[in-house]
There are 2 protein chains.
Amino acid sequence: MTMMFGPDDLIDHDGPITPYRQLAAILKARIARGDWRPNRPIPSEARLVQEYGLARSTVRRGIAELVAEGVLFVMPQRGTYVSPSDSTEGAEG
Amino acid sequence: MTMMFGPDDLIDHDGPITPYRQLAAILKARIARGDWRPNRPIPSEARLVQEYGLARSTVRRGIAELVAEGVLFVMPQRGTYVSPSDSTEGAEG
DNA sequence: ATCAATTTGTTCGTATGTATG
DNA sequence: CCATACATACGAACAAATTGA
């Protein structure tokens, strides 16, 4: 299996895949990798803006993608969190 | 081998070859020459319209020709990209 | 209660690019 | 050629709630 994304992967603004989809894929990969655990917050939108060099609207779009997938959930004025998974977790808990 | 087309080649509107085929040949030559790399966008349709003095429909027709050949691929609302080739491209990454 | 910093929610404007007529 | 529609991206500004001092 090949690793598609990493924590320090950069966004390819000229690539065929839209930046917000690239971000969604990167965040998804980082979650799967365990960078952020269930019920734990991911970096703030502002932090992701800095880290990946994207506009905030683009970051929000990428996050919205994962919220729609159930990977993330948002607590307004609090943060964006990794959804608790029903199958993946529970091993060591 | 001889170089048939170049970046600043012009379209011969009175010649026996239709303009859209001339454009397709020009673009193909420029890709082979390395003007645009795999997974990188070629100039926008509007840009090609200006550069070669063609109608947009003609540009689109020429592009469609190369898409059919697998030389280019289009990402809607994003751009037209050079297909990643397995044999035509150079060894240098 | 006041102040400041942080974080998500929302809207507006501008630009680019394809899709279609 | 022009006009319209849609999708995407960036930038800026403001609102609302949270947090900590």
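Coordinates for the structure precede this section.
Residues numbered from 1 in each chain as written. Chains lettered and ligands numbered in written order. Predicted model: local features only at pLDDT ≥ 70, side-chain atom pairs only at ≥ 80, totals over all residues. Heavy atoms only, no water.

Draft legend 1. Here's a closer look at the protein's contact with DNA strand D. Residues and elements named next belong to chain A. Around DNA strand D, a shell composed of 17 residues is seen, among which T18, P19, Y20, T58 and R78 lie nearest. The sugar-phosphate share of atoms of DNA strand D within 4 Å of the protein amounts to 72%. Between Y20 and DNA strand D, the recorded distance is 3.2 Å, taken from a side-chain N or O atom to a phosphate oxygen. R61 has a polar side-chain atom sitting 3.3 Å from a phosphate oxygen of DNA strand D. (Near = heavy atom within 4 Å. Polar contact = N/O pair within 3.5 Å; in protein donor to acceptor, adjacent residues only side chain to side chain.)

Draft legend 2. Examining the packing of helix 1 (residues 19-33) of chain B against helix 3 (residues 56-69) of chain B more closely. Residue and element names in this part refer to chain B. Across the interface, helix 1 lies against helix 3 with an axial gap of 8 Å and an inter-helix angle of 55°. Between helix 1 and helix 3, the crossing angle belongs to the class labelled oblique. Classified by chirality, the crossing of helix 3 by helix 1 is right-handed. Judged by residue contacts, P19, Y20, R21, L23, A24, L27 and K28 of helix 1 engage T58, V59, R61, G62, I63, E65, L66 and E69 from helix 3. Partitioning the contact of helix 1 with helix 3 into residue classes produces 8 nonpolar, 2 polar and 5 charged. (Axes fitted to C-alpha atoms, helices over the stretch in contact; angles between N-to-C directions. Helix = DSSP H or I, 4+ residues; strand = E, 2+ residues; numbered from the N terminus. Parallel < 35°, antiparallel > 145°, perpendicular 65-115°, else oblique. Left-handed = near helix turned anticlockwise from the far one by under 90°. Contact = heavy atoms within 4.5 Å. Nonpolar A, V, L, I, M, F, W, Y, C, P; charged D, E, K, R; others polar.)

Draft legend 3. Highlighting the pattern of salt bridges. If you walk through the whole model with that rule in mind, you get 16 salt bridges over all chains. One salt bridge connects B:R40 with A:D12, and the closest N-O pair in it is separated by 2.3 Å. Of this pair, B:R40 sits in the loop between helix 1 and helix 2 (45-52) while A:D12 sits in the segment before helix 1 (19-33), placing the two residues on different chains. Accessibility expressed as a relative area gives 29% for A:D12, which makes it partly exposed. A:D14 is paired through a salt bridge with B:R40; the nearest N and O atoms lie 3.8 Å apart. With one member in each of two chains, A:D14 in the segment before helix 1 and B:R40 in the loop between helix 1 and helix 2 form a pair that bridges those chains. (Salt bridge = Lys/Arg side-chain N within 4 Å of Asp/Glu carboxyl O. Buried < 20%, exposed > 50% of the residue type's maximum accessible area, 1.4 Å probe, protein only.)

Draft legend 4. Representation of the side chain of B:Q22 in the model. Residues and elements named next belong to chain B. Considering the arrangement of structural elements, one finds Q22 in helix 1. Classification of Q22 as buried rests on a relative accessible area of 10%. Here Q22 is in contact with L10, I11, D12 and I17, once residues within four sequence places are set aside.

Draft legend 5. Representation of the pairing of strand 1 (residues 72-75) of chain B within the structure. Residues and elements named next belong to chain B. Across 4 bridges, strand 1 lies against strand 2 (residues 79-82) in antiparallel orientation. Within the sheet, the bridge partner assigned to M75 lies in strand 2 and is G79. Following strand 1, the chain reverses through 3 residues before pairing antiparallel with strand 2; Q77 in that reversal takes a positive phi of roughly 60°. (Pairing = 2+ DSSP bridges.)

Draft legend 6. How the structure looks around the protein's contact with DNA strand C. The full set close to DNA strand C counts 19 residues, and A:E45, A:R56, A:R60, A:Q77 and B:R56 are the nearest of them. Taking all atoms of DNA strand C within 4 Å of the protein, the share assigned to sugar and phosphate is 54%. Interatomic distance of 3.1 Å between a side-chain N/O atom of A:R60 and a phosphate oxygen of DNA strand C. One nitrogen or oxygen atom from the main chain of B:E45 is found 3.3 Å from a phosphate oxygen belonging to DNA strand C. Elements represented by at least two residues in the surface near DNA strand C include exactly helix 3 (56-69) and strand 2 (79-82) of chain A together with helix 3 and strand 2 of chain B.

Draft legend 7. Quick peek at the interface of chain A and chain B. Chain A puts 8 residues into the contact, and the matching count from chain B is 7 residues. Here chain A meets chain B over a buried area of about 560 Å², counting both sides, of which 48% is carbon and sulfur. For the pair chain A and chain B, the number of links is 2 salt bridges. The interface formed by chain A and chain B holds 5 residue pairs in polar contact (both at pLDDT 80 or more) in total. Considered class by class, the residues forming the side of chain A that touches chain B number 3 nonpolar, 3 polar and 2 charged. (Buried area = accessible area lost by both parts, 1.4 Å probe.)

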